[in-house]
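Tertiary structure, described
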Amino acid sequence: MCGIVGYIGFRRADRVIVSSLKRLEYRGYDSWGLAISDGGELKVFKRVGGIGSVDDINLADSGIGVGHTRWATHGKPSEVNAHPHMDCSGKIAVVHNGIISNFQILREELERNGHEFRSETDTEVIPHLIEEYMKSRDFEKAVFKVVDELEGSYAFVAVHAGEDKLVACRYKSPLILGVGDGEIFLASDVPAVLEYTNRVVYLEDGDVVIVDKNGFEIYSNGKRVERKAELVPWSIEDAEKGGYEHFMLKEIHENPRVVEDTLIEYLRDDIEIDAGFFAGISDILIVACGTSYHAGLVGKYLIEKFAGIPVRVEYASEFNYHPPPLSRTLVIGITQSGETADTLEAMRRGKKLGMKILAITNVLGSTATRVADYTVYTRAGPEIGVAATKTFIAQLIVLYLIALKLSAVPKRELEEILDQLRLMPQKIRQILDREDEILSLARRYAGYENIMYVGRGIGYPVALEGALKLKEISYIHAEGYPAGELKHGPFALLGEKTPVVACVVKDETFESMLGNLKEIKARDSKIIAVCDEDVEIEAFADDVIRTPAIDPILAPITHSVALQLFAYHVARLRGCEIDKPRNLAKSVTVE
Ligand code: F6R
């Protein structure tokens, strides 16, 4: 939610900032702005809508500035509410990601002291507070004092006209430092700086950083601290479309490579996951949101099946209202970004209760890795499309490996599944090779306004994820349901205007699923079955999306890739903004 950028160096800050903001647009895209320090004044530019072109920006020939791309929380998208926000004098500008929960009290106090507010945002208290404290101290010290006053979550960067420095803070919202030669970048996420450097310092909660042309100093609890720069193994090409029309399509096509990379990391002769970490656990609680939650549901099925360990899966945003875990529960937080506020909060709650915490995340150094005792990284590379695709597949791979590592299945059976997993990149390529068939099918269904997705057993989370993918990018109302539950209510919605996508798996659920398909057909809904190519299904479905034959336990991977392509093509045919669906942001850093 919201992306922030700061730059100080030898290039033109306005250009660097706009190009970095473009790479953060997935975090919010309802309005944007920048402030460039030019001599003794700030040049400020704000617009509603997506980030404009670098070529249209010509604010000042200066090497210092800040920028922001917004996902509205306090106040609707407008130029007034767009960041940067300024103090009364117009000399201090701030860009912020997060929520200042005590902003109302601070604002009232500042207004009593004569400060005039222009926007409805929580952020605006920050520049006014800095201005207030600068009456008796310098810029840096004023920012330190402001940090003591703020409650909530924030990453912000402040600039003061006439001073060749930026001051930034991080608390519960992401912020990294990109370290170049003679230039320093501040950003919400690594892709923003990859064009210039892959040396990155991950700031910690409570850090205040002062950046000038000579480098940077980091303070924690008022004391200077050293934080090492790490080399990020991503390149700028990873964060570009590479000839594809959309990031989402590129990312779906990266699935085979992502599976390969994740397997290379964790599956050599043995499964390279520290089994010792899991010793002594009685049960597992998975906390996650959205697509990651669906991966968690597949994980539950796998861990219970292979390892016999009971697993509970909770939406992280609901977890606080449920009874706490038991003392020997392992908490697994699944979050591709590693920054989802609800998931982090649930992980922290588990930690406070004394549980062991495992993170499954795609982002090196993200907050989830700091909360966790142990992290298993998905090797998906940066995901820019708002709809999660390759990271979901990578999460599934990691969950298969964890479940199999903990498993009690005989060695031979284990080896057979691992061999099939090793074949997965090839199987996914076969699905991608059939993209034209999926596109033809998408043409037949793109005009519907309601589509039901159903599955049973391990096919049920696949149905949920298929429906989420479709609804978020095509705006078709799509619901995922356990096929057996249809007759307990949703049947009322079926009929010729509501087709049903059925995830059919040739396992113990198969016969019941065929029964469900007959029931659906009797209600006149068209049926699209997603099914392995060696399964006879034609008699039960109007259309079939074929996936390569594989052990049924691995069907969530192949079926999900096929449904990602289906959702993509339906949305494209409907002319939707695929990479940036309305009202969404990739990283949900507010609760
Ligand atoms: C849907 C999607 C979201 C995320 C959810 C959690 O395509 O991307 O539902 O899965 O916001 O995000 P992470 O995994 O970063 O915690």
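Whatever comes next refers back to the structure up there.
This write-up is about the structure you can find in this document.

Here is what the cut-offs are and how they apply
Residues numbered from 1 in each chain as written. Predicted model: local features only at pLDDT ≥ 70, side-chain atom pairs only at ≥ 80, totals over all residues. Heavy atoms only, no water. Phe/Tyr/Trp six-rings, centres within 6.5 Å; stacked < 30°, edge-to-face > 60°. Helix = DSSP H or I, 4+ residues; strand = E, 2+ residues; numbered from the N terminus. Buried < 20%, exposed > 50% of the residue type's maximum accessible area, 1.4 Å probe, protein only. Lys NZ or Arg CZ within 6 Å of the ring centre and 35° of its normal. Pairing = 2+ DSSP bridges. Axes fitted to C-alpha atoms, helices over the stretch in contact; angles between N-to-C directions. Salt bridge = Lys/Arg side-chain N within 4 Å of Asp/Glu carboxyl O. Near = heavy atom within 4 Å. Polar contact = N/O pair within 3.5 Å; in protein donor to acceptor, adjacent residues only side chain to side chain. Areas by Shrake-Rupley, 256 points an atom, 1.4 Å probe, with all protein chains shown as cover. Nonpolar A, V, L, I, M, F, W, Y, C, P; charged D, E, K, R; others polar. Domains from an automatic or database assignment.

1. Description of the packing of aromatic side chains
Tallying each qualifying case throughout the model produces 10 aromatic pairs. Measuring from centroid to centroid gives 5.2 Å for Trp-32 and Phe-45, while their planes differ by 55°, and the two rings are tilted. With Trp-32 in strand E2 (residues 31-38) and Phe-45 in strand E3 (residues 41-48), this pair connects stretches of sequence that are 13 residues apart. Taking relative accessible area as the criterion, Phe-45 reaches 17% and is therefore assigned buried. Ring geometry for Phe-185 and Tyr-196: centres 5.0 Å apart, planes at 20°, overall stacked. Of this pair, Phe-185 sits in strand E10 (residues 184-187) while Tyr-196 sits in the loop between E10 and strand E11 (199-202), and the two are 11 residues apart along the sequence. A single burial state applies to Phe-185 and to Tyr-196, both of which are buried. Through a chain of ring-to-ring contacts, three or more aromatic side chains come together here, namely Tyr-7, Phe-185 and Tyr-196. Here the guanidinium or amino end of Lys-145 rests over the ring plane of Tyr-133, the centre of that ring lying 5.2 Å away.

2. A closer look at the pairing of strand E20 (residues 374-377)
Moving residue by residue along a regular strand, the side chains alternate between the two faces of the sheet. Of the two faces of E20, the one holding Tyr-374 and Val-376 and the one holding Thr-375 and Tyr-377 are both buried throughout. Sheet topology note: the strand E19 (residues 356-361)/E20 ladder contains four bridges and is parallel. Opposite Leu-358, over in E20, you have Tyr-374 as the bridge partner.

3. Observations regarding unusual backbone geometry
Residue Pro-84 is reached from His-83 by a cis peptide bond, and omega for that bond is 0°. By the secondary structure assignment, Pro-84 is in the loop between strand E4 (64-70) and strand E5 (85-86). In this structure, Asn-221 takes a positive phi of about 50° despite not being glycine. Summarising the element assignment, Asn-221 is placed in the loop between strand E13 (215-220) and strand E14 (223-225). The phi dihedral of Asp-524 falls on the positive side, at around 75°, and the residue is not glycine. By the secondary structure assignment, Asp-524 is in the loop between helix H16 (510-521) and strand E24 (527-532).

4. Some thoughts on the sheet that holds E24
Strand order in this open sheet of five strands is E22-E21-E23-E24-E25, and the pairing throughout is parallel. The open sheet has two edge strands with one neighbour each: strand E22 (477-482) and strand E25 (543-547). Adjacent strand axes in the sheet meet at a mean angle of 20° when their direction is disregarded. Summarising the sheet, E24 and E25 pair through five bridges and their orientation is parallel.

5. Things to note about the pattern of salt bridges
One pass over the structure, following the stated rule, counts 42 salt bridges. A salt bridge links Asp-205 to Arg-348; the shortest N-O distance between them is 3.8 Å. With Asp-205 in the loop between E11 and strand E12 (207-212) and Arg-348 in helix H9 (residues 341-352), this pair connects stretches of sequence that are 143 residues apart. The exposure class of Asp-205 is partly exposed, given its relative accessible area of 30%. Overall, the relative accessible area of 17% leaves Arg-348 in the buried class. Notably, a salt bridge pairs Asp-419 with Arg-422, separated by 3.0 Å at the nearest N-O pair. One end of the pair, Asp-419, and the other, Arg-422, are both in helix H12 (residues 411-422), three residues apart, so they sit about a helical turn from each other. Residue Asp-419 is classed as partly exposed on the basis of its relative accessible area, which comes to 40%. What emerges from the salt-bridge pattern is a single network uniting Lys-250, Glu-254, Arg-257, Asp-261 and Lys-390.

6. Here we look at the site of the ligand
Surveying the vicinity of the ligand reveals 14 residues, the closest of which are Ser-292, Thr-335, Ser-337, Thr-340 and Glu-472. Within the side chain of Thr-340, an N or O atom sits 2.4 Å from an oxygen atom of the ligand. Within the backbone of Ala-388, one N or O atom sits 2.9 Å away from an oxygen atom of the ligand. Within the complex, 91% of the 400 Å² of free accessible area of the ligand lies under protein. When its residues are assigned to classes, the shell around the ligand shows five nonpolar, seven polar and two charged. Two domains each provide a minimum of three residues to the shell around the ligand, namely domain 2 (241-422) and domain 3 (431-591).

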